[in-house]
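Residue-level listing of the chains:
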Amino acid sequence: MYTGSITVADTPLLRYVLGRADDALVLGHRLSEWCGHGPLLEEDMALSNMALDLIGQARALYTYAGEVEAAGRDEDAYAYLRDVTSYANLLLVEQPNGDFARTIVRQLLFSAFIDPYWRALMASTDPTLAAIAAKAEKESAYHLRHASEWTVRLGDGTAESHARAQRALDELWPFTGELFTMPAGERALIDAGIAIDPETLRAPWRATVTRVVERATLTLPADGWMQRGGREGRHSEHLGHLLSDLQYLQRAFPGATW
Amino acid sequence: MSTPTTPLWEVFIRSRTGLAHKHVGSLHAADATLAVQAARDLYTRRGEGTSVWVVPSSAITASDPADKGMMFDPADSKVYRHPTFYEVPDDVGHM
């Protein structure tokens, strides 16, 4: 048996909420891939904890998306029954884990953005989003601290860990421009005080990342060509594989519970 | 296993304000900062704590198990040392 994909309504608020939910779910799934494979037991637990934080954020946002769409869909429908082109997450969060340095640098680049984002969103005129942001901000603050401390130790560690951290930074940098892009329709949400203008976070994000990168004795890459398209559903080749893993069971056995 | 780069740390958690930090286990970490983070991730996942201490295991001096008789048995016969011979007023609360 096979369950087909759903098509969701295309309204600015729904698109916005799903984009944020997809960021959290996809990054949470990526971190969950470390479960049982962490470089040491302590970090295995740390990465799994953060995966659960992110999946929890995704659940809250998908549930809210269900209210916004009012089409009778629950969180599982959005997570399991949308095709890759319906996913609106940033390209950064779907990039493969690579080695530990790459996972940590990806977490640093994302957390340095999303933590002040959630903090700003706590003042949203949308009370549900404000409440979700208040909970998520405490989690992302810790993710940022964890990734920062590890980036410093990897960068300022051995020649091998320094080289790996620098390579991760160089390879992931082209995905950071998308953090500050604004999909069509989001301007109206920002004007209404519902959403946050990501451009206002560019300077604080850069300051945070620069501070950590300098402590880590790494070199900040030059801003060159920036990849984008995730928010519009144009993803890298990696997301489809991730979703086939994540969605397989609900597609093959619709509504399965255990 | 404790390695030169990731020594062993003992973890103490205070579950509520007013209570003492209690030993809950140990972990490996490269330094004190990472040890506090790892302690948070390993030992406070279910809301166990409001404060964390980590101490290098190597900093702990322990009594010798061979001295058990000399160290602890003499206390066995001194039941009068237990504070059970007077009533603690309810208002005192936890002590």
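Draft legend 1. Local environment of the overall build of chain B. Within chain B one finds 2 helices and 3 strands. When the elements of chain B are put in sequence order from the N terminus, they spell out β-β-α-β-α. The globule rule puts the C-alpha radius of gyration for 95 residues at 12 Å, and the 18 Å found for chain B is more than 25% above it. Looking at the 95 residues of chain B, the share that counts as buried comes to 23%. If you take every contact in chain B between residues at least 6 apart in sequence, the share linking residues at least 24 apart comes to 45%. As displayed, chain B offers around 7000 Å² of accessible surface, 58% of which is attributable to carbon and sulfur atoms. With 9 positive and 11 negative side-chain charges, chain B shows a spacing of 5 Å between the two charge centroids.

Draft legend 2. Spatial organisation of the interface of chain A and chain B. Taken together, the contacts link 12 residues of chain A with 11 residues of chain B. Three residues stand out in chain A for area buried against chain B, namely Glu42, Tyr142 and Arg153 of chain A, and they jointly supply 47% of the buried area on that side. For arginine 153 of chain A, the salt bridge identified is with aspartate 31 of chain B, shortest N-O distance 2.5 Å. At the level of secondary structure, the elements contributing two or more residues to the side of chain A that touches chain B comprise α2 (41-69) and α6 (127-155) of chain A. No other element matches the 6 residues that α6 of chain A contributes to the side of chain A that touches chain B. Of the residues belonging to the side of chain A that touches chain B, the class tally is 6 nonpolar, 2 polar and 4 charged.

Draft legend 3. Highlighting the nonpolar core. Residues Tyr16, Tyr62, Leu109, Leu129 and Trp205 of chain A together with Leu27 of chain B are the most contacted members of the largest nonpolar core, which totals 85 residues. The biggest single contributor to this core is helix α5 (residues 100-121) of chain A, with 13 residues. Sequence-distant contacts of leucine 109 of chain A, that is, excluding residues within four places in its chain, are made with Leu92, Leu169, Leu172, Trp173, Thr176, Leu179, Trp205 and Val209 of chain A.

Draft legend 4. Quick look at the sheet that holds strand β2 (residues 22-28) of chain B. All names here are of chain B. Spatially, the 3 strands line up as an open sheet ordered β2-β1-β3, and their pairing is antiparallel. Strands at the two margins of the open sheet, each flanked by one partner only, are β2 and β3 (51-56). With direction set aside, neighbouring strand axes in the sheet form an average angle of 30°. The sheet contact formed by strand β1 (residues 8-14) and β3 spans 6 bridges and is antiparallel. Counterpart to valine 11 in the pairing with β3 is valine 54. Against the sheet, helix α1 (residues 32-43) engages β1, β2 and β3, with an angle of about 115° to β2.

Draft legend 5. Spatial organisation of the pattern of salt bridges. Taken as a whole, this structure holds 22 salt bridges over all chains when the rule is applied. The salt bridge involving aspartate 191 of chain A is made with arginine 187 of chain A; its shortest N-O contact spans 3.6 Å. Within this pair, aspartate 191 of chain A and its partner arginine 187 of chain A are both found in helix α8 (residues 186-191), separated by 4 residues, close to a single helical turn. Judged by its relative accessible area of 59%, aspartate 191 of chain A falls in the exposed class. Its relative accessible area of 38% is what places arginine 187 of chain A among the partly exposed residues. Within this structure, Glu149, Arg153 and Arg215 of chain A together with Asp31 of chain B form a network of salt bridges that share partners.

The rules behind these values
- Each residue is numbered by its place in its chain's sequence as written, counting from 1.
- To read the labels, note that chains go from A and ligands from 1, taken in the order they are written.
- This being a predicted model, a pLDDT of at least 70 is required before a residue's local features are given, and a value of 80 or more before pairs of side-chain atoms are given or counted; all residues contribute to the totals for chains, interfaces and linings.
- Calculation of side-chain values draws on the structure's entire complement of heavy atoms; hydrogens and water are dropped beforehand.
- Numbering of helices and strands runs from the N terminus; a helix is a DSSP stretch of H or I covering at least four residues, while a strand is a stretch of E covering at least two.
- Using C-alpha atoms as the atom set, the radius of gyration is obtained and then compared with a globule rule of 2.2 Å times the number of residues to the power 0.38.
- Between buried and exposed lies partly exposed: a residue is buried under 20% and exposed over 50% of the maximum accessible area for its type, with that area taken using a 1.4 Å probe on protein chains only.
- A contact between two residues is defined here by any heavy atoms of the two lying within 4.5 Å.
- Reported accessibility uses the Shrake-Rupley method at a 1.4 Å probe radius. Residues are deemed covered only where the shown protein chains occlude them.
- We score Asp and Glu as negative and Lys and Arg as positive, and we do not count His or the chain ends.
- Think of each charge as sitting on NZ of Lys, CZ of Arg, CG of Asp or CD of Glu.
- Buried area is calculated as the accessible area (1.4 Å probe) missing from two parts once they are joined, with the contributions of both summed.
- A pairing counts as a salt bridge when a side-chain nitrogen of Lys or Arg comes within 4 Å of a carboxyl oxygen of Asp or Glu.
- Under the scheme applied, nonpolar residues are Ala, Val, Leu, Ile, Met, Phe, Trp, Tyr, Cys and Pro; charged residues are Asp, Glu, Lys and Arg; polar residues are all the others, including Gly.
- Buried Ala, Val, Leu, Ile, Met, Phe, Trp, Tyr and Cys residues that are joined via side-chain atoms within 4.5 Å together make up what is termed a nonpolar core.
- Only strands joined by at least two bridges in the DSSP assignment are considered to pair.
- Inter-axis angles, ranging from 0 to 180 degrees, are taken between N-to-C directions of lines fitted to C-alpha atoms, where helices are fitted over the stretch in contact.

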